[in-house]
Every structure is written in C-alpha cells, then in structure tokens.
Amino acid sequence: MADTRDTDYKGLGKPPQSFSCTLLSRGESLQQGSSHMKGQGMLMRMLVAMSCVYILCTAPNMALGLARFTVPEFRADGSFCNLFIATHLLSVVIIMFNSSINFFVYAAMSSRFRQELKALFSLTDAGMSLKTSISDTHIKH
C-alpha cells in the first residue's frame, strides 16, 4: 500500500499535516459571539437597505420594459414617442441615482467605511492630502 501523505492532489499541493484550534473560556466565547452577531445584524441591515434602494430604483425601468413588450406602439418612433422618451429618460436618471446613492448608504450605515474614509482623507501638516498606496512606496530612479 502506497503512502499518500506526500502525494500531490491534482496540482493542489500537499494536504495540511495538522490544524490548530484555540479554545476560549466561556466568557470570551460569549462576548466574541455577541459582537459577531451585532456585526452580522448591522451587515444584514445594510444589505437589506442596499437591496431596497436597488429595487426601488430599478422598478421604473422594469415597468418601462414591460410596457415596451406589451404595447407595440410604445417606442421611440411609435405613436407614444413623447411618453416613451420622457419615461426612458426618467428611468435612466433614477438608475444613475441608484449608483450615486450607494456611497451615502455605506457611509451612513457602516462605521468601518467611515473609519476608512477618515484614514484615506486625513489631515497632515501640509494640509489636506490624499493617502494612497503609491505614497507609501519609494520608487528609485
């Protein structure tokens, strides 16, 4: 019988030889679990809010598509051309609004997002500066 411990599993490398597990006391486990649940709850609320905003902003475009499908004259060169153009432009503006409001929903609902924004746009001695990963690297000529 061949030893399979050193076998390369379909190009994935050797399997792990062992794993470690950290045991927490009951108090640590409960405290960590409750903060994890709180974080999950905040994430769930943000996800629901983002989904609701998306649905509300794309619903007019879906209704417009349904109207184009069911009413043959509801197109740019049909008898309802003025109504079509007005509703089409309105639906495009609403979809653009959806794209721009995501930033504000993240900023309102995520303290981590706000923290990262503050770190990105922090004040320095030379005034306002944008910190980027490029400024942290030194390029030698």
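Scope of this entry: the structure provided in the associated data block. Nothing here was measured: the structure is a model prediction, and the numbers come from that model. (Residues numbered from 1 in each chain as written. Predicted model: local features only at pLDDT ≥ 70, side-chain atom pairs only at ≥ 80, totals over all residues. Heavy atoms only, no water.)

1. A look at the overall build of the protein chain
Regarding its fold elements, the protein chain presents four helices and two strands. The helix and strand sequence of the protein chain, counted from the amino end, reads α-α-α-β-β-α. Out of the 141 residues belonging to the protein chain, those deemed buried represent 11%. As displayed, the protein chain has an accessible area near 12200 Å², and 66% of this comes from carbon and sulfur atoms. (Helix = DSSP H or I, 4+ residues; strand = E, 2+ residues; numbered from the N terminus. Buried < 20%, exposed > 50% of the residue type's maximum accessible area, 1.4 Å probe, protein only. Areas by Shrake-Rupley, 256 points an atom, 1.4 Å probe, with all protein chains shown as cover.)

2. Observations concerning the layout of surface pockets
By volume, the largest pocket is sized at about 180 Å³. Lining the largest pocket we find Gly39, Met42, Leu43, Met46, Met109, Ser110, Ser111 and Arg112. Elements represented by at least two residues in the lining of the largest pocket include exactly α1 (26-70) and α3 (111-120). Take the lining of the largest pocket: its biggest share by element is four residues, from α1. Classifying every residue of the lining of the largest pocket by side-chain character gives four nonpolar, three polar and one charged. (1 Å grid on protein atoms, 1.4 Å probe; cavity = no way out; pocket = protein on both sides within 12 Å on 5 of 7 lines; lining within 4 Å. Points joined across faces, edges and corners; volume = space filled by probe spheres on them. Nonpolar A, V, L, I, M, F, W, Y, C, P; charged D, E, K, R; others polar.)

3. Notes on a nonpolar patch on the surface
A cluster of nonpolar residues, Met44, Leu47 and Val48, forms a patch on the protein surface that exposes about 290 Å² of accessible area. Tracing the sequence through the fold places Met44 in helix α1. The exposure class of Met44 is partly exposed, given its relative accessible area of 49%. (Patch = residues over 30% accessible without salt bridge, like charges linked within 9 Å, V, L, I, M, F, W, Y side chains within 5 Å. Salt bridge = Lys/Arg side-chain N within 4 Å of Asp/Glu carboxyl O.)

4. Details of the packing of aromatic side chains
Any aromatic ring pair is given by two values, namely how distant the centres are and how the planes are angled relative to each other. Applying the stated rule across the entire model yields four aromatic pairs. Taken together, a centroid distance of 5.7 Å and an interplanar angle of 35 degrees make the contact between Tyr106 and Phe113 tilted. For Tyr106, a relative accessible area of 34% translates into the label partly exposed. An aromatic cluster of three or more residues is present, and its members are Phe103, Phe104, Tyr106 and Phe113. (Phe/Tyr/Trp six-rings, centres within 6.5 Å; stacked < 30°, edge-to-face > 60°.)

5. Brief notes about helix α2 (residues 81-109)
Between its first and last C-alpha, α2 extends 41 Å over 29 residues, near the 42 Å set by a 1.5 Å rise per residue. Largest kink in α2: about 30 degrees, centred on Ile101. Those residues of α2 lying buried are Phe84, Ser91, Asn98, Val105 and Ala107. (Expected span 1.5 Å × (residues − 1). Bend = angle between axes of the 7 residues up to and from the residue.)

6. A few points about the side chain of Ser110
Considering the arrangement of structural elements, one finds Ser110 in the loop between α2 and α3. On the basis of relative accessible area, Ser110 is assigned to the buried category, the value being 15%.

7. What to know about the pattern of salt bridges
Applying the stated criterion across every chain, the model contains one salt bridge. In this structure, Asp77 and Arg75 form a salt bridge, with 2.6 Å as the shortest nitrogen-oxygen distance.

8. Thoughts on the packing of α2 against α3
Axis separation between α2 and α3 bottoms out at 5 Å; the angle between their running directions is 105 degrees. With respect to α3, the axis of α2 lies roughly perpendicular. Residue-level inspection shows Phe103, Tyr106, Ala107, Ala108 and Met109 of α2 in contact with α3, the latter providing Ser111, Phe113, Arg114 and Leu117. (Axes fitted to C-alpha atoms, helices over the stretch in contact; angles between N-to-C directions. Parallel < 35°, antiparallel > 145°, perpendicular 65-115°, else oblique. Contact = heavy atoms within 4.5 Å.)

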